[in-house]
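# A structural walkthrough
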Amino acid sequence: MSDTSIATAVSGLLANADRFRVAAFNVVNANTDDFKAHLATTVSQAPAGVRTETSVSDAPVDLAAEWVNMTVAQIGYDANAKVISSIERMNGALLDITA
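Residues numbered from 1 in each chain as written. Predicted model: local features only at pLDDT ≥ 70, side-chain atom pairs only at ≥ 80, totals over all residues. Heavy atoms only, no water.

### Points about the overall build of the chain
To keep things clear, this is the line we draw: Going along the chain from the N terminus, every DSSP run of H or I of four or more residues is numbered as a helix, and every run of E of two or more is numbered as a strand. The globule rule used here is 2.2 Å times the number of residues to the 0.38 power, and the radius of gyration it is set against is calculated over C-alpha atoms. Here, residues are in contact when the closest pair of their heavy atoms is within 4.5 Å. Where accessible areas are quoted, they stem from the Shrake-Rupley method and a 1.4 Å probe; at the residue level, only the protein chains shown are allowed to cover. Working convention for charge: Lys and Arg count positive, Asp and Glu count negative, and His plus the chain ends are omitted. Note that the charge is assigned to NZ on lysines, CZ on arginines, CG on aspartates and CD on glutamates.
Looking only at helices and strands, the chain features two helices and two strands. When the elements of the chain are put in sequence order from the N terminus, they spell out α-β-β-α. In summary, the chain has a C-alpha radius of gyration of 17 Å against a globular reference of 13 Å for 99 residues, an excess of more than 25%. Counting only contacts in the chain whose residues sit at least 6 apart along the sequence, the fraction spanning at least 24 positions is 57%. As presented, the chain carries roughly 6,700 Å² of accessible surface, and 60% of it is formed by carbon and sulfur atoms. Separation between the mean location of the 6 positive side-chain charges and that of the 11 negative ones in the chain comes to 3 Å.

What follows is the structure, given as structure tokens:
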């Protein structure tokens, strides 16, 4: 079970890193002529975990929205990192009990 849980959390880490990267890319290019905002969409994948799909929108960059996207990505990244830490602590406790 913990292998699947860790793999799911790692996929969440990667998806949130991608989401942050896309938002940062949009912010950097916000003043570029004719630049259209890129969108990061998180999609679940079987049997567990998520991945990010990127597309280009028809709209220009909204800096406020990108700030929110970066904040949400940071919080999601931190949450998945805490899941991994918790799983490692539970596995350590289980090993201590069985030892």
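That covers the picture; the talk isn't over yet.
### Re unusual backbone geometry
Note the cis peptide between Ala-46 and Pro-47, where omega equals -5°. Note on placement: Pro-47 falls in the loop between strand E1 (38-44) and strand E2 (50-56). Positive phi is not limited to glycine here, since Asp-34 has a value of about 60°.

### What about the pairing of E1?
Quick reminder of the rule: A pair of strands is treated as paired once DSSP finds two or more bridges between them.
Of the pairings in the sheet, the one linking E1 to E2 comprises seven bridges and is antiparallel in character. Looking at E2, one finds that Val-43 is bridged to Arg-51. Counting the residues in the hairpin turn of E1 and E2 gives five residues, including Gly-49, whose phi is positive at 105°.

### Some details on the packing of aromatic side chains
Put simply, the rule is: Any two rings among Phe, Tyr and Trp, with Trp reduced to its six-membered ring, count as a pair given centres within 6.5 Å; such a pair is stacked if its planes are under 30 degrees apart, edge-to-face if over 60, and tilted if neither.
Under the definition given, this model contains one aromatic pair. Judged by centre distance (5.6 Å) and plane angle (65°), the ring pair of Phe-25 and Phe-35 falls under edge-to-face. With Phe-25 in helix H1 (residues 2-28) and Phe-35 in the loop between H1 and E1, this pair connects stretches of sequence that are ten residues apart.

### So, the pattern of salt bridges
Defined as follows: Just to be clear on terms, a salt bridge is a Lys or Arg side-chain nitrogen sitting within 4 Å of an Asp or Glu carboxyl oxygen. Any residue under 20% of the maximum accessible area for its type is buried, any over 50% is exposed, and the rest in between are partly exposed; the area is computed with a 1.4 Å probe on protein chains only.
Taken as a whole and assessed by the stated rule, the structure comprises two salt bridges. A salt bridge links Arg-21 to Asp-18, with the nearest nitrogen and oxygen atoms 3.9 Å apart. Here Arg-21 pairs with Asp-18, and both are found in helix H1, just three residues apart, close to one helical turn. The class for Arg-21 is partly exposed, based on a relative accessible area of 46%. Here Asp-18 falls in the partly exposed class, since its relative accessible area comes to 28%. Residues Glu-53 and Arg-51 are paired through a salt bridge, measuring 2.7 Å at the closest nitrogen-oxygen approach. Taking the relative accessible area as the measure of exposure, Arg-51 reaches 36% and is therefore partly exposed.

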